Amino acid sequence: STGVESSPEPGILRVKIQSDSSDTSIVIANKTYILSKQDRFNVKFTQGKVYDVDSVFFTLYPDIFSYTQRDVTCDILKTEDGQYKEFTIFETFLPPGEYRRLQFGIAVSSYVFLGNNEIPISLPPNTELLIDFDFDFSINSNELTEIKMNIYPFQSIKRFQDSFYFIRKVEVVKIDYTG
């Protein structure tokens, strides 16, 4: 015996995000905007990490073939077959075990395009880029753990005086384990 134990095979964590199907309109200055094909709202997902029960963190990558972190930009108003499109924002091999936190940044491009309007938008002043989602999930050897998240594109837009802010209403809706 060499005294070296073989490491367990990794599992895969995939994080998907989709705009919530109930969130399709917004009222701005007494005008109601209802989601239309030409609307665009590019959101950047960045700096993904997960933390295990011992607070050790692991970096998340955009896909299992990547070895460097890079931002993933998604148009969260994009639809396919009448439904909001679902995007994979992270997909990474991880050691099997119990995890307690998913963390990533959500930034916004400078404009949201509604109808014929370009609306300047930013994160509120003094907002941290990274958001912590504290919940329990597992990674199992040779299995896929898929975390499904919803973002509320229109509920995330808040007007304050003459500025529009992206307040990032996002939630974990489901965790699927497949072997």
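The structure contained in this document is the topic of the report that follows. Note that this is a predicted model, so its numbers are computed, not measured.

Considerations on the packing of aromatic side chains
Turning to step 1, where the next piece is worked out: On inspection of all chains with the given rule, the structure shows 9 aromatic pairs.
Turning to step 2, where the next piece is worked out: Centre to centre, the rings of Phe58 and Tyr99 are 6.0 Å apart; their planes meet at 65°, and the pair counts as edge-to-face. Placement of the pair is Phe58 in strand E5 (residues 57–59) and Tyr99 in strand E10 (residues 97–114), with a sequence separation of 41 residues.
Turning to step 3, where the next piece is worked out: Counting every residue linked through ring pairs, the aromatic cluster contains Phe45, Phe90, Phe104 and Phe133.
Turning to step 4, where the next piece is worked out: It is Arg101 that lies over the ring of Tyr51; its NZ or CZ is 5.7 Å from the centre.
Turning to step 5, where the next piece is worked out: Here the guanidinium or amino end of Lys169 rests over the ring plane of Tyr152, the centre of that ring lying 4.4 Å away.

Quick notes on the side chain of Arg168
Turning to step 1, where the next piece is worked out: Along the polypeptide, Arg168 turns up in the loop between strand E15 (163–166) and strand E16 (170–178).
Turning to step 2, where the next piece is worked out: Buried within the structure, Arg168 lacks any salt-bridge partner; its nearest side chain of opposite charge belongs to Glu128, at an N-O separation of 7.9 Å.
Turning to step 3, where the next piece is worked out: Reaching out from Arg168, the side chain makes a polar contact with the backbone oxygen of Leu129 at a distance of 2.8 Å.

Thoughts on the pairing of E10
Put simply, side chains in a regular strand alternate between the two faces of the sheet.
Turning to step 1, where the next piece is worked out: As defined by bridge partners, strand E4 (residues 40–52) adjoins E10 across 10 bridges and the pair is classed as antiparallel. Directly across from Phe45, in E10, lies its bridge partner Ile106.
Turning to step 2, where the next piece is worked out: One ladder, built from 8 bridges, connects E10 with strand E12 (residues 130–139); its direction is antiparallel. Of the residues in E12, the one forming a bridge with Arg101 is Asp134.
Turning to step 3, where the next piece is worked out: Counted along the chain from E10 to the antiparallel partner strand E11 (residues 117–120), the turn is 2 residues long, and its residue Gly115 has a positive phi close to 60°.

Focus on the environment of Glu80
Turning to step 1, where the next piece is worked out: Here Glu80 is to be found in strand E7 (residues 79–80).
Turning to step 2, where the next piece is worked out: Sequence separation between Glu80 and Gly105 is 25 residues; the distance between their C-alpha atoms is 25 Å.

Regarding the pattern of salt bridges
Turning to step 1, where the next piece is worked out: The tally for this structure, following the rule as stated, stands at 13 salt bridges.
Turning to step 2, where the next piece is worked out: We note a salt bridge from Arg101 to Asp134, for which the minimum N-O separation is 2.6 Å. You can see Arg101 sitting in strand E10 and its partner Asp134 sitting in strand E12, a full 33 residues away along the chain.
Turning to step 3, where the next piece is worked out: Residue classification places Asp134 among the exposed residues on the basis of a relative accessible area of 55%.
Turning to step 4, where the next piece is worked out: The network of salt bridges with common partners includes Arg14, Lys16, Glu86, Glu91, Glu146 and Lys148.

Things to note about the environment of Arg70
Turning to step 1, where the next piece is worked out: With respect to the secondary-structure elements, Arg70 resides in the loop between E5 and strand E6 (72–75).
Turning to step 2, where the next piece is worked out: In this structure Arg70 comes out as partly exposed when scored by relative accessible area, which is 46%.
Turning to step 3, where the next piece is worked out: When the C-alpha atoms of Arg70 and Gly115 are compared, they prove to be 30 Å apart, with 45 residues separating the residues in sequence.
Turning to step 4, where the next piece is worked out: If sequence neighbours within four positions are ignored, Arg70 has contacts with Phe45, Pro62 and Asp63.
Turning to step 5, where the next piece is worked out: A distance of 3.2 Å separates the side chain of Arg70 from the side chain of Ser66, its partner in a polar contact.

Considering the nonpolar core
One broad rule of soluble globular proteins: the nonpolar side chains tend to lie buried together.
Turning to step 1, where the next piece is worked out: One finds Phe41 and Ile89 to be the most contacted residues of the largest nonpolar core, which totals 43 residues.
Turning to step 2, where the next piece is worked out: Ranked by the residues each element gives to this core, the list is headed by E10, at 7 residues.
Turning to step 3, where the next piece is worked out: Other than its neighbours up to four places away in sequence, Phe41 contacts Cys74, Asp75, Ile76, Leu77, Val108, Val112, Ile121, Pro153, Ile157 and Phe166.

Rules behind the numbers
- Residues numbered from 1 in each chain as written.
- Predicted model: local features only at pLDDT ≥ 70, side-chain atom pairs only at ≥ 80, totals over all residues.
- Heavy atoms only, no water.
- Phe/Tyr/Trp six-rings, centres within 6.5 Å; stacked < 30°, edge-to-face > 60°.
- Helix = DSSP H or I, 4+ residues; strand = E, 2+ residues; numbered from the N terminus.
- Lys NZ or Arg CZ within 6 Å of the ring centre and 35° of its normal.
- Buried < 20%, exposed > 50% of the residue type's maximum accessible area, 1.4 Å probe, protein only.
- Lys, Arg positive; Asp, Glu negative; His and termini not counted.
- Salt bridge = Lys/Arg side-chain N within 4 Å of Asp/Glu carboxyl O.
- Polar contact = N/O pair within 3.5 Å; in protein donor to acceptor, adjacent residues only side chain to side chain.
- Pairing = 2+ DSSP bridges.
- Contact = heavy atoms within 4.5 Å.
- Core = buried A, V, L, I, M, F, W, Y, C linked by side-chain atoms within 4.5 Å.

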